[in-house]
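Architecture at a glance
Spelled out from the first residue to the last, the chains are:
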Amino acid sequence: FMMYYGTRERGNRVCYAESNDGIHWVKPELGLHPYREHRQTNIILPDVHYFWPIHNPNPNAPGEQRYLGFGYTKIEVVSKDGVRKRKGRSVGYSSPDGVHWKKVMDTHSGKDTFFSVAWCAADRRFRAYVRGWREHEDYGKLRYDPEMPQFRTVCVMESADFLTWTPPAPLLETDVKEGAPLVQVYGLGVTRYGSGLVGALSVLYIDESVEGWQRGHQDTQLVASRDGINWCRVADRATFIPHGPEGAFDWGEAYYSGGVFGHGDKTYCYYAGKSTLHKGPGQYAIGLATLPRDRLIALSQEDASRPAIVETKTFKCRGRELLVNTTGQGSLQVEVLDEDGKPLPAYSAGASRLTPAGATVSYTH
């Protein structure tokens, strides 16, 4: 396991940790960037705020580009009238080992926080999911400075080569049904899961009764997509990772997932936790939520005394195996239908047989 996490004290930094089991972590002394009097640290990128690394999907990429990373930093720019100022930019990096990084691109966009990057194989595009802002038609319901845009959205940027990116385009936001504008999306962590994409969507619940700018809890919902553009709000926007009980490290916020992926017989989801409400002072920490492998989405019988039937949409089989993940008592049969919905004789349910391991279906013919 390779973990990238941010720290902030008089400047932003990306640090690195590694683990053999995802539970017990080591912070290696890399000696790349000092901190105060410490020469040996695990800092890999100074002056970078937020960072999302992925494997380079190009099998022919040079070795020094085995990993790609998307981060946020501030660079010095000079205006036309000669004024120097630091401006936020989303930038890209490459690395041969996931530890030593080199800047390779600048999106020329300043989307600041809580983003992620995924490779979408169907149309061969990188997609970066970044923050957006817009004025909301019900802004008057909030008791904040009306001159300050404050309704958050998720936008998407696209690139075919990781070097040149499209401008951010609106993708996801909350609606009146779930309480907008007091309920807002805060960030989207996207990872590939099987042949699709799973997104951990951070949601902020602003509590106007609490003093301060946009104070409130955060928790995490799930979204899913096949193409990286059209997203489904899973389980009617139910909470996936709730904030913890009072006194817990994540009582205030359980948000910004570092990815959802399978490991052994479990699904792992790392997330950021904070003991106080959004925009309040408090200690940040990293949490891990788990559930049984491949239980993000499931179907169950309405009546266990009767057989249940699941018919899929039409799809092409490109391999020789069909994996069906089941639990509980009973049996499973699989059949193949023709275009009229009738079973093919050689591939009927009666002809299918499970292997002793219960993982592969074979046919009697």
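This report concerns the structure included in the present document. (Residues numbered from 1 in each chain as written. Predicted model: local features only at pLDDT ≥ 70, side-chain atom pairs only at ≥ 80, totals over all residues. Heavy atoms only, no water.)

Taken together, four strands build an open sheet; the order of strands is β8-β9-β10-β11 and the sheet is antiparallel. The two strands at the open ends of the sheet, each matched to only one other strand, are β8 (116-120) and β11 (169-172). On average, each strand axis in the sheet is tilted by 40 degrees relative to the strand beside it, whichever way the strands run. Two elements, strand β10 (residues 151-159) and β11, share three bridges in a ladder whose sense is antiparallel. Residue pairing across strands places Val-156 opposite Ala-169, the latter belonging to β11. (Pairing = 2+ DSSP bridges. Helix = DSSP H or I, 4+ residues; strand = E, 2+ residues; numbered from the N terminus. Axes fitted to C-alpha atoms, helices over the stretch in contact; angles between N-to-C directions.)

Counting residues in hydrophobic clusters, the biggest one holds 24 residues, and the most contacted among them are Phe-70, Val-117, Phe-126 and Trp-165. Every element with two or more residues in this core is listed here: β4 (48-55), β5 (67-78), β8, β9 (125-134), β10 and β13 (196-206). By size, the runner-up hydrophobic cluster in this structure holds 15 residues, among which are Val-154, Leu-172, Val-185 and Val-223. (Core = buried A, V, L, I, M, F, W, Y, C linked by side-chain atoms within 4.5 Å. Buried < 20%, exposed > 50% of the residue type's maximum accessible area, 1.4 Å probe, protein only.)

What follows covers the packing of aromatic side chains. As enumerated under the stated definition, the model contains 26 aromatic pairs in all. A centroid spacing of 6.2 Å and a plane angle of 25 degrees characterise the contact between Phe-261 and Tyr-270, whose relative ring orientation is stacked. A residue is classified by how much of its surface remains accessible, and Phe-261, at 28% relative accessible area, is partly exposed. By relative accessible area, Tyr-270 is classed as buried at 10%. These aromatic residues form a ring-pair network of at least three members: Tyr-50, Trp-52, Phe-70, Phe-114, Phe-115, Trp-119, Phe-126, Phe-162, Trp-165, Tyr-186, Tyr-255 and Tyr-256. Just above the ring of Tyr-186 sits the side chain of Arg-131; from NZ or CZ to the centre is 4.4 Å. (Phe/Tyr/Trp six-rings, centres within 6.5 Å; stacked < 30°, edge-to-face > 60°. Lys NZ or Arg CZ within 6 Å of the ring centre and 35° of its normal.)

Both strand β18 (residues 260-263) and strand β19 (residues 266-274) contribute to a ladder of four bridges, which runs antiparallel. Each residue of the ladder has a partner; that of Val-260, found in β19, is Cys-269. Connecting β18 to the next strand, β19, in antiparallel fashion are two residues, including Gly-264 with a positive phi near 60 degrees.

The final tally for this structure, using the stated rule, is one cavity of 30 Å³ or more. For the largest cavity, the calculated volume is near 30 Å³. Lining of the largest cavity is provided by Phe-114, Tyr-129, Val-130, Arg-131, Thr-153, Val-154, Tyr-186, Gly-187 and Leu-188. Broken down by secondary-structure element, the contributors of at least two residues to the lining of the largest cavity are β9, β10 and β12 (183-193). (1 Å grid on protein atoms, 1.4 Å probe; cavity = no way out; pocket = protein on both sides within 12 Å on 5 of 7 lines; lining within 4 Å. Points joined across faces, edges and corners; volume = space filled by probe spheres on them.)

Let's shift gears to the pattern of salt bridges. Counting across every chain of the model gives ten salt bridges. Residue Glu-173 is joined to Arg-134 by a salt bridge in which the shortest nitrogen-to-oxygen separation is 2.8 Å. Separated by 39 residues along the polypeptide, Glu-173 in the loop between β11 and β12 and Arg-134 in strand β9 bring together distant segments of the chain. Take Arg-134: its relative accessible area is 26%, and that puts it in the partly exposed class. Connected via shared salt-bridge partners are Asp-175, Glu-178, Arg-233 and Arg-237. (Salt bridge = Lys/Arg side-chain N within 4 Å of Asp/Glu carboxyl O.)

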